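Chains, contacts and geometry: an overview
Single-letter residue listing:
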Amino acid sequence: MAECRRILLWVLTCLGLVLAEEDRSPAVMARITTKGLEYGLQKGVALLQQELSQTRLPDVTGKVKIIRGLEVQYKFHRLSIHDFQLPKARITPLQRVGLLVSIFDAFAELRGLWRVDSFLARASGHLSVEIEGISVFVRPRLGVDSSGKLTAAISYCITQVSEIRMKISSRQSSLSVFLKDVTEDVKRALEEQVCEVVTKVVELKVHPHLQSLPVRAMIDKAIGVDFSLVGPPLTTLNSLDIGLKGEFFSSSGPAAAPASPPRLCFPAEQSRMVYLATSSHFLSQAAEVFYQAGRPKFEITSDMIPGDAPVQLNTASFQSFIPQLQKLYPDAPMKLWITPSSAPLVTVDGGSLRAAAALDIQALAILPDAQEAPLFLLQASSSVAVRLAVESGRLVPRVELGR
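Residues take numbers from 1 onward in each chain, read along the sequence in its written order. Thresholds applied to this predicted model are a pLDDT of at least 70 for local features of residues and 80 or more for the giving and counting of side-chain atom pairs; totals over whole chains, interfaces and linings are not thresholded and use all residues. In computing side-chain values, all of the structure's heavy atoms are included and hydrogens and water are not.

1. Overview of the overall build of the protein
Helix and strand definitions follow DSSP, with helices as H or I runs of at least four residues and strands as E runs of at least two, each counted in order from the N terminus. Counting secondary structure elements, the protein contains six helices and 21 strands. Per-residue burial over the protein gives 36% buried out of 403 residues. Residues are treated as being in contact if the distance between any of their heavy atoms lies within 4.5 Å. Of all intrachain contacts in the protein linking residues separated by at least 6 positions in sequence, the fraction that spans at least 24 positions is 60%. Accessible surface for the protein amounts to roughly 24500 Å². Of this, 56% is attributable to carbon and sulfur atoms. For each residue, the accessible area found with a 1.4 Å probe, counting protein chains only, is set against the maximum for its type, and the residue is called buried under 20%, exposed over 50%, and partly exposed in between. Residue exposure ignores everything except the shown protein chains as possible cover, and the areas themselves are Shrake-Rupley values with a 1.4 Å probe.

2. Brief notes about the pairing of strand S20 (residues 372-391)
The side chains of a regular strand alternate, first on one face of the sheet and then on the other. Here, any two strands with at least 2 DSSP bridges between them count as paired. Two elements, strand S19 (residues 352-366) and S20, share 15 bridges in a ladder whose sense is antiparallel. Residue pairing in the sheet places Ser352 in a bridge with Arg387 of S20. Hairpin geometry of S19 and S20 is characterised by an intervening segment of five residues between the two adjacent antiparallel strands and by a positive phi of about 75° at Ala370.

3. Overview of the layout of surface pockets
Of the voids in this model, the largest pocket is the one considered here, and its volume is about 1200 Å³. Computed over the protein atoms alone on a 1 Å grid, cavities are sets of points where a 1.4 Å probe fits but cannot get out and pockets are open sets with protein on both sides within 12 Å along at least five of seven lines; a residue lines them when it has an atom within 4 Å of a point. Looking at the largest pocket, it is lined by 39 residues, and the ones nearest its centre are Gly40, Leu142, Leu150, Val206 and Leu210. Elements supplying a minimum of two residues to the lining of the largest pocket: strand S1 (28-33), helix H2 (34-52), strand S6 (98-117), strand S7 (122-144), strand S8 (150-168), helix H4 (183-212) and strand S12 (239-244). The leading source of residues in the lining of the largest pocket is H2, at nine residues. Taken together, the residues of the lining of the largest pocket sort by class into 32 nonpolar, five polar and two charged. Grid points are joined across faces, edges and corners, and a volume is the space filled by probe spheres set on the points. Quantified by volume, the second largest pocket comes out at close to 790 Å³. As for the second largest pocket, its lining consists of 22 residues, of which Pro26, Met29, Leu234, Asp241 and Arg263 are closest to the centre. Breaking the lining of the second largest pocket down by element, the ones donating at least two residues are S1, strand S11 (234-235) and S12. Broken down by class, the residue content of the lining of the second largest pocket amounts to ten nonpolar, six polar and six charged. Each residue gets one label: Ala, Val, Leu, Ile, Met, Phe, Trp, Tyr, Cys and Pro are nonpolar, Asp, Glu, Lys and Arg are charged, and the others, such as Gly, are polar.

4. Here we look at the pattern of salt bridges
Every case where a carboxyl oxygen of Asp or Glu lies within 4 Å of a side-chain nitrogen of Lys or Arg is listed as a salt bridge. The final tally for this structure, using the stated rule, is 17 salt bridges. The closest approach of N and O atoms between Arg31 and Asp241, which form a salt bridge, is 2.7 Å. Taken together, the residues span a long stretch of sequence, with Arg31 in strand S1 and Asp241 in strand S12 at a distance of 210 residues. For Arg31, a relative accessible area of 14% gives the class buried. A residue is classified by how much of its surface remains accessible, and Asp241, at 9% relative accessible area, is buried. Here Asp117 makes a salt bridge to Arg122, at a shortest N to O gap of 3.3 Å. With relative accessibility at 18%, the residue Asp117 sits in the buried group. Taken together, the shared-partner salt bridges connect Glu130, Glu132, Glu163 and Arg165 into one network.

5. Some words on the sheet that holds S11
Pairing in this open sheet of four strands is antiparallel, and the strands run S11-S12-S1-S15 from one edge to the other. Unpaired on one side and paired on the other, S11 and strand S15 (274-277) mark the two borders of the sheet. In terms of strand pairing, S1 meets S12 through six bridges, oriented antiparallel. Bridge assignment links Met29 to a residue of S12, and that residue is Gly243. Helix axes use the C-alpha atoms of the stretch in contact, all axes being lines fitted to C-alpha atoms, and the angles between their N-to-C directions lie in the range 0 to 180 degrees. Along the sheet face, H2 touches S1 and S12 and points at about 70° away from the line of S1.

6. Considerations on the nonpolar core
Residues enter a nonpolar core if they are buried and are Ala, Val, Leu, Ile, Met, Phe, Trp, Tyr or Cys, with the set joined through side-chain atoms within 4.5 Å. Ranked by internal contacts, the top residues of the largest apolar core, which has 60 residues, are Leu48, Phe76, Phe84, Leu86, Ile134 and Leu190. Looking at this core, the element that brings in the most residues is H4, giving ten residues. Contact partners of Leu86, with chain neighbours within four places excluded, come to Val45, Leu48, Gln49, Leu52, Ile103 and Ala106. Formed by 14 residues, the second largest nonpolar core is a distinct cluster that contains Leu336, Leu359, Ala365 and Ala373.

Here it is, written out as structure tokens:
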């Protein structure tokens, strides 16, 4: 009996996980390709280079024994980075692991002051340090918070320096040898400072910027769409995929979705920076929310009809169809209210967006006192197909009307 309970508990737990995973299924997916990641890397490296060029290193102090056991204290202070160049950088998606940012062949120049003290003498002066072959390896960590906003932090950062040359203003050759022996301390300080600046840039600039991006957008006063993340971004071998909730809502709350979002797929090509994927589920849910909110509702009035049109929107033009109209309301202008009688059915087929709707067409006569008199109600069905194309960098819709 106990064994059966354990099996039942395991089954219910697995079922709960499956249902939870389904609830988190995105209705919209954004894929950032390697080309898009490289563009973002360029912006990030430029920001990092700017921050590094304005950075000051902490003081470097220590003791060292020189000739005949003589111990001296040294101090490098007011160390500022005069120049920092990051000429080569690469970003690599690691499947289901994250992103790896690699910076190679960077170089920097430091300027500052030095001082040595011993019981025999004191000396000080200016110094300049040229550092070459700097490599930085960073693993950014992208996540999502409880509100569905993107977060950014640093998983780890490693800086390596291959060559360092120090020049000091001193006439004593022994001091020159001494200072070259302690360049390892300056090297270590720089390696630590670079990673501190990387963390600072991500935590104080990148992360707040991501948090400032809205995840809900209002289409009008009553209808909006929720684009919060359903989970952390996922990396593939050549892209970063971001799943978005993609749920429309009205002032009365979100509409019930017709079905769970299907699995979204992307084309094999990677020529663009960003790809967006959605399905008829996202569009049908939008149609449901608009319908429940009383939209769309179209009004066609007589002044919207061109004067040379063969049929005008008045009772005289309609007397051949309904003779009583002209008798009841002679030459009265008319208007039409067109509303869907149910939520439009939206599908995606062969690269085209198709919408079919059942419509109620209410005809009204405008009386001399501006009162409206109902004339007749027609029920009709209509469909429209929209194919999107890109021309000269602009999104151009092509519309085909059905019957």
